[in-house]
Amino acid sequence: MTRTEIVPKRVKIAALVIFSSYLTGNVAIGAEEMVLTLPDAINIALEQNIGLQRTAVQVDLDKNSLKSAKGDKKPNLVLTGSENISLDATGNDSIWEDEGDWSDSLRATLSSSVSLYDGGGIEASIREAEAALMAAQNDYDRDRQALLLNTVTRFLEIIVREKQVEIREEELANQAEELERIRLNFRNGIRVRTEVLRQEALMAQSKGRLIESKRIFETSMYILKDILKIPADISIRCSDPANTLNVVEDVNLPNMSMSLASLDQRLDLEAQRNRLVSAKESVEVAKSGGRISVSASASLSTNYSHSGKGGAFAERLVRTEPNASAGISFNLPIFDRDRTETNIIRSQLIMRREELIYDNLEQIARTDLYQSFLNFESAKAQLETAVEQLASAEEALKAELARYE
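Let us look at the structure shown here.

What counts and how
Residues numbered from 1 in each chain as written. Predicted model: local features only at pLDDT ≥ 70, side-chain atom pairs only at ≥ 80, totals over all residues. Heavy atoms only, no water. Helix = DSSP H or I, 4+ residues; strand = E, 2+ residues; numbered from the N terminus. Polar contact = N/O pair within 3.5 Å; in protein donor to acceptor, adjacent residues only side chain to side chain. Contact = heavy atoms within 4.5 Å. Core = buried A, V, L, I, M, F, W, Y, C linked by side-chain atoms within 4.5 Å. Buried < 20%, exposed > 50% of the residue type's maximum accessible area, 1.4 Å probe, protein only. Axes fitted to C-alpha atoms, helices over the stretch in contact; angles between N-to-C directions. Parallel < 35°, antiparallel > 145°, perpendicular 65-115°, else oblique. Left-handed = near helix turned anticlockwise from the far one by under 90°. Nonpolar A, V, L, I, M, F, W, Y, C, P; charged D, E, K, R; others polar. Pairing = 2+ DSSP bridges. Salt bridge = Lys/Arg side-chain N within 4 Å of Asp/Glu carboxyl O. Expected span 1.5 Å × (residues − 1). Patch = residues over 30% accessible without salt bridge, like charges linked within 9 Å, V, L, I, M, F, W, Y side chains within 5 Å. Areas by Shrake-Rupley, 256 points an atom, 1.4 Å probe, with all protein chains shown as cover.

### Points about the side chain of N49
In this fold, N49 is placed in the loop between α2 (38-48) and α3 (50-71). A distance of 3.1 Å separates the side chain of N49 from the backbone nitrogen of G51, its partner in a polar contact. Excluding residues that lie within four positions of it along the chain, N49 makes contacts with I44, L147 and I227.

Right, dumping it as structure tokens:
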């Protein structure tokens, strides 16, 4: 498959420098920092993600399996040859007591065979391999979509987590400042001891929230590094994208009926349908083991041998010794120790398993759709609330500034 996404040169060079320095040990941990934008993260994920590479390898494996299955329809051509040299005793003497007689023989055979009919097994194997390849390609496309979504989600999550850490730090600073004022008032006899203790408790809670926010932020960073295949000790920083608060008015509500109608087009469902087709064809492959098979063969061989001295080598090898043969053979299994029956039963059980997996995927897909609508409505409501809160805070700030003036 072709990939149109190309990692920008500056990102490749930066990553190469950092990784090389990391591997050679020339740079101390934390001495370098990768600054990533959202497009940079997406491009690196498409290029470096191990899961996507593993799915691409599976596509190549299934392509190879399809090529192998198609090869069974073609005739083969085999060239074999041998030469044998021997030393025979002369009369009653041993070869150790006399020179003996030397002899040698040369044989070459060119043979070919082709299957004329095998009970439909070859054709079913080809269809099975084609369905498996289509399933692998669907899996690759589905994993690519999931990778894009996961990368964007994790990148934006880091931005949010970083903002939360900043908020917690500011909150802790305000709590510390308030604590100093209360302590000063306490020393001047204006406040009581319980207010100091209450403020110290609030400050301790703020410290705990800050520690937890930092932990969540660092965990999100590690998850993104795993997606981008970046060593855990390499420092990265995600660049905040442009302000998107004003897009709330442009968000369109999705259409539930259209989404339900297109639910069958989900790539994981399409992949599972192809696996189900592959499983059905494997049943036909198993059934072909109990049917008659017909094959044709042909061979051309020559032989030359002589004892002692002399011998018309070219005359015998090329003109008088060669022989040719051709024939048709058939094979009808009568009793095969229940191999065909057990293969059919196993293939049918595998097909049943794939059917159950497909039914489960259908249920999951429908649930995911309704849950995504719920998440969308909740996120849109939260965004609208956040925009309203921001507008109220800005108005309050203007009022305070006017009072200050």
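### A closer look at the nonpolar core
If you look at soluble globular proteins, the nonpolar side chains tend to sit buried side by side. Counting 37 residues, the largest nonpolar core has F155, L224 and L228 as its most contacted members. Where this core is concerned, the elements lending two or more residues are β1 (33-36), α2, α3, α4 (121-187), α5 (193-228) and β4 (235-238). The element that contributes the greatest number of residues to this core is α4, accounting for 14 residues. Ranked by size, the runner-up nonpolar core spans 7 residues in total, among them L263, L269, A365 and L369.

### Things to note about unusual backbone geometry
A positive phi angle, close to 60°, is found at R337, a residue other than glycine. Relative to the elements of secondary structure, R337 occurs in the loop between β6 (323-331) and α9 (339-404). The exposure class of R337 is exposed, given its relative accessible area of 65%. The backbone of D338 shows a phi angle near 65°, a positive value even though the residue is not glycine. Considering the arrangement of structural elements, one finds D338 in the loop between β6 and α9.

### Points about the packing of α4 against α5
Helix-helix packing is characterised by the crossing angle of the two axes and by the distance between the axes. Between α4 and α5, the least distance of the axes is 8 Å, while the angle of their chain directions is 160°. As the angle between them shows, α4 and α5 are arranged roughly antiparallel. Relative to α5, the crossing made by α4 is left-handed. Of the residues contributing to the contact of α4 with α5, the split by class is 20 nonpolar, 8 polar and 15 charged.

### Brief notes about the pairing of β4
Covered by surrounding structure in β4 are I236 and C238 only, the residues S235 and R237 on the alternate face being uncovered. Sheet topology places β1 next to β4; 4 bridges connect them, and they run parallel. By the bridge assignment for β4, L36 is matched with C238.

### Focus: the pattern of salt bridges
As enumerated under the stated definition, the model contains 24 salt bridges in all. R291 is paired through a salt bridge with E284; the nearest N and O atoms lie 3.7 Å apart. Through salt bridges that share partners, R142, R266, D268 and D368 make up one connected network.

### With respect to α4
Quick reminder: α-helices carry 3.6 residues per turn. Residues three or four places apart thus point the same way. Here α4 is 67 residues long and its end C-alpha atoms lie 95 Å apart, about the 99 Å a rise of 1.5 Å per residue gives. Looking one or two residues past α4, G189 carries a phi angle of roughly 85°, positive in sign.

### Topic: α5
Relative to the 52 Å expected for 36 residues at 1.5 Å per residue, α5 spans 53 Å between its end C-alpha atoms, a close match to the ideal helical length. K229 lies just past α5 and shows a positive phi near 60°.

### Digging into the environment of R237
By secondary structure assignment, the location of R237 is in strand β4. Owing to a relative accessible area of 38%, R237 belongs among the partly exposed residues under this scheme. Distance from R237 to I158, taken between C-alpha atoms, is 9.0 Å for residues 79 residues apart in sequence. Excluding residues within four positions of it along the chain, R237 makes contact with E33, M34, V35 and L36.

### Describing a nonpolar patch on the surface
On the surface, L116, Y117, I292, I328, F330 and L332 cluster together into a nonpolar patch covering about 650 Å² of accessible area. Within the secondary structure, I292 sits in the loop between α7 (267-287) and β5 (293-307). Under the relative-accessibility criterion, I292 is labelled partly exposed at 33%.

### What to know about the packing of α3 against α4
Viewed as axis vectors pointing N to C, α3 and α4 meet at an angle of 165°, and their least axial separation amounts to 9 Å. Classified by the angle their axes make, α3 and α4 are roughly antiparallel. The hand of the α3/α4 crossing is left-handed. Residues that form the contact of α3 with α4 fall into these classes: 13 nonpolar, 5 polar and 7 charged.

Bear in mind that shape data such as this cannot, by itself, settle questions of function.
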